[in-house]
Amino acid sequence: MRKIGKKILAATVAATMLLGAVGCGGAKGGEATTAGGNDSGKEIKVGIINNDPNESGYRTANDKDLKAMFGEGNTNGYKGDFAYSLKNDEQIAAAQKFIQDGVDYLLLSAADTAGWDSVLKDAQDAGVQVILFDRTIDADPSLYAASIVSDMDKEGEKAATWLKDQNLDEYKIIHLQGVMGSAAQQGRSGALDQMAKDNGWTIVTQQTAEWNAEKAQQIVQSVIDSGDSFNVIYAENDDMAKGAVAALDKANISHGVGKDVVVIGFDCNKWALEELLKGNWNYDGQCNPFQAKYIDEVIKKLEAGETLTEKTIIMDEKGFDATTITQDDVDNFGI
């Protein structure tokens, strides 16, 4: 392989708020499935706090799945309100407003793992049940009813182990990080950092592109312009991998199976898995966005007065290698 040199929501949040209320949930692997919904006959008020749906293909699929379950036109008895932000303070303000509005359940995909204790205590005092989805937070488990998440550490470990198993002559890595402090960033960064430390790999640059393709392209272009050699792109989502590849293509640097640069992404967008199938990328780690069905099942159990046997529900996820991926994998797991 060749070296390659319950309070008032801030106005900014209010502008991004979308009202909605459930239909069908999603299943693992990207296949839609009809959800059962609420059988109690009463309307259940749900406040959903998520990251910007335009953040990535993963987030777009995640938001679509949640709207199918908790959005307008539902027949399952939910009245859902949606708020979006990539900033923790804005998400916390949205949570405070939902509590003030008297929601029954607060669904949270936190922008940052820290800073949630106070607002979660407010929710608990108000009798609002909190369900985490997609991302974990650093808070006492007694402050939330359930956590439906991916194992971000395991995702990173799978990818880093796969990379080690490639037995490259050398490892010179451009590491493109997601939004700093998010569970996805921490898990995927931590695994690579540890593997690099244990094996003497070189991290040529480690910068956040905040899940954004254009920022990732700029970072990789800057490394190319500097003349520093590299042979691995470790991008913490598919969009950043796409941006990195755009910079490689512009510089006529080959990438993929048997080429100059190994390309690693995460999320398993369908278009990204197709790049693996063509041999243009090397590895993609799955992050399952279809969580509404799991949330619905938890709510139904809580409404029925059942005790949850598992507070943390971790979804099974795969990693795909370009040398073994099939069209069926693309069709079944692409989002």
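Residues numbered from 1 in each chain as written. Predicted model: local features only at pLDDT ≥ 70, side-chain atom pairs only at ≥ 80, totals over all residues. Heavy atoms only, no water.

Chemist: Explanation requested: the side chain of Asp-329 in the structure shown.
Modeler: Residue position: Asp-329 is located in helix H11 (residues 327-333). Buried and without a salt bridge, Asp-329 has Lys-318 as its closest oppositely charged side chain, separated by 6.9 Å. Once residues lying within four places of it in the same chain are set aside, the contact partners of Asp-329 are Leu-273, Phe-320, Thr-324 and Gly-334. (Helix = DSSP H or I, 4+ residues; strand = E, 2+ residues; numbered from the N terminus. Buried < 20%, exposed > 50% of the residue type's maximum accessible area, 1.4 Å probe, protein only. Lys, Arg positive; Asp, Glu negative; His and termini not counted. Salt bridge = Lys/Arg side-chain N within 4 Å of Asp/Glu carboxyl O. Contact = heavy atoms within 4.5 Å.)

Chemist: Explain the packing of aromatic side chains to me, please; I cannot follow it from the model alone.
Modeler: The geometry of two aromatic rings is summed up by the distance between their centres and the angle between their planes. This structure, assessed with the given rule, holds seven aromatic pairs. Where Phe-70 meets Tyr-78, the ring centres are 4.9 Å apart and the plane angle is 65 degrees; that geometry is what we call edge-to-face. Tyr-78 matches Phe-70 in its accessibility class, with the two residues each being buried. Taking 5.9 Å as the distance between ring centres and 90 degrees as the angle between the ring planes, the aromatic pair formed by Trp-271 and Trp-281 counts as edge-to-face. Here Trp-281 lies in the loop between helix H9 (270-277) and strand S13 (283-286) and Trp-271 lies in helix H9, a separation of 10 residues in the sequence. Sitting over the ring of Trp-271, Lys-242 keeps its end group 4.9 Å from the ring centre. Against the face of Tyr-294 rests Lys-293, its NZ or CZ located 5.9 Å from the ring centre. (Phe/Tyr/Trp six-rings, centres within 6.5 Å; stacked < 30°, edge-to-face > 60°. Lys NZ or Arg CZ within 6 Å of the ring centre and 35° of its normal.)

Chemist: Please explain the nonpolar core as it appears in this structure.
Modeler: Proteins that are soluble and globular tend to have nonpolar side chains buried together. With 37 residues, the main nonpolar core has Leu-176, Val-220, Phe-230, Ile-233 and Leu-248 as its most contacted residues. Mapped onto this core, the elements with two or more residues apiece are strand S9 (172-177), helix H6 (183-199), helix H7 (213-226), strand S11 (232-235), helix H8 (238-250), H9 and H11. At six residues, H8 tops the list of elements feeding residues into this core. Counting residues in each nonpolar core, the second largest holds 24 residues, with Met-69, Ile-148, Ile-313 and Met-315 among its members. (Core = buried A, V, L, I, M, F, W, Y, C linked by side-chain atoms within 4.5 Å.)

Chemist: Before we go on, may I ask you to explain the pairing of strand S6 (residues 105-108) in this structure?
Modeler: Two faces make up the sheet, and in a regular strand the side chains alternate between them. Here S6 shows two buried faces, one formed by Tyr-105 and Leu-107 and the other by Leu-106 and Leu-108. Sheet topology note: the strand S4 (residues 44-50)/S6 ladder contains four bridges and is parallel. Following the sheet pairing, Ile-48 is matched in S6 by Leu-107. With helix H4 (residues 117-125) bridging S6 and the parallel strand S7 (residues 129-134), this β-α-β connection has right-handed handedness. (Pairing = 2+ DSSP bridges. Right-handed = clockwise from strand over helix to strand, strands pointing away.)

Chemist: When you look at helix H2 (residues 57-70) in this model, what are you seeing that I'm missing?
Modeler: Helical geometry: 3.6 residues make up each α-helical turn, so side chains three or four residues apart lie on a common side. Taking 1.5 Å of rise per residue, 14 residues should cover 20 Å, and H2 covers 20 Å from first to last C-alpha, within 8% of that figure. Three or more residues of H2 are buried, namely Tyr-58, Arg-59, Ala-61, Asn-62, Asp-63, Asp-65, Leu-66, Met-69 and Phe-70. (Expected span 1.5 Å × (residues − 1).)

Chemist: Any chance you could explain the packing of H7 against H8 here in plain terms?
Modeler: To describe two helices that pack against each other, one gives the angle between their axes and the distance between the axes. In contact at an axis separation of 7 Å, H7 and H8 are set at 40 degrees when each is read in the N-to-C sense. In terms of axis orientation, H7 runs oblique to H8. Judged by the twist between their axes, the crossing of H7 over H8 is right-handed. Listed contacts from H8 to Ala-213, Ala-216, Gln-217, Val-220, Gln-221 and Ile-224 of H7 are Asp-239, Met-240, Gly-243, Ala-244, Ala-246, Ala-247, Leu-248 and Lys-250. A class-by-class count of the residues in the contact of H7 with H8 yields nine nonpolar, three polar and two charged. (Axes fitted to C-alpha atoms, helices over the stretch in contact; angles between N-to-C directions. Parallel < 35°, antiparallel > 145°, perpendicular 65-115°, else oblique. Left-handed = near helix turned anticlockwise from the far one by under 90°. Nonpolar A, V, L, I, M, F, W, Y, C, P; charged D, E, K, R; others polar.)

Chemist: So what exactly am I meant to see when it comes to the packing of H2 against helix H10 (residues 292-303) here?
Modeler: At a closest axis distance of 9 Å, the pairing of H2 and H10 adopts a crossing angle of 35 degrees. Of the residues in H10, those in contact with Asp-65, Leu-66, Met-69 and Phe-70 of H2 are Ala-292, Lys-293, Ile-295, Asp-296 and Ile-299.

Chemist: I would appreciate a short explanation of the sheet that holds S11 in the present structure.
Modeler: Strands belonging to one sheet form pairs held by backbone hydrogen bonds; the direction of such a pair is parallel or antiparallel. The sheet built from six strands is open, its strands ordered S10-S9-S11-S12-S13-S15 with mixed pairing. One side of each edge strand has no neighbouring strand; the edge strands of this open sheet are strand S10 (202-208) and strand S15 (319-321). Strand after strand, the sheet turns through a mean of 15 degrees between neighbouring axes, direction not considered. By the bridge criterion, three bridges tie S13 to S15 in an arrangement that is antiparallel. Each residue of the ladder has a partner; that of Tyr-283, found in S15, is Asp-321. Sheet strands touched by H8: S9, S11, strand S12 (262-267) and S13. Its angle to S12, the strand with the most contacts, is close to 155 degrees.

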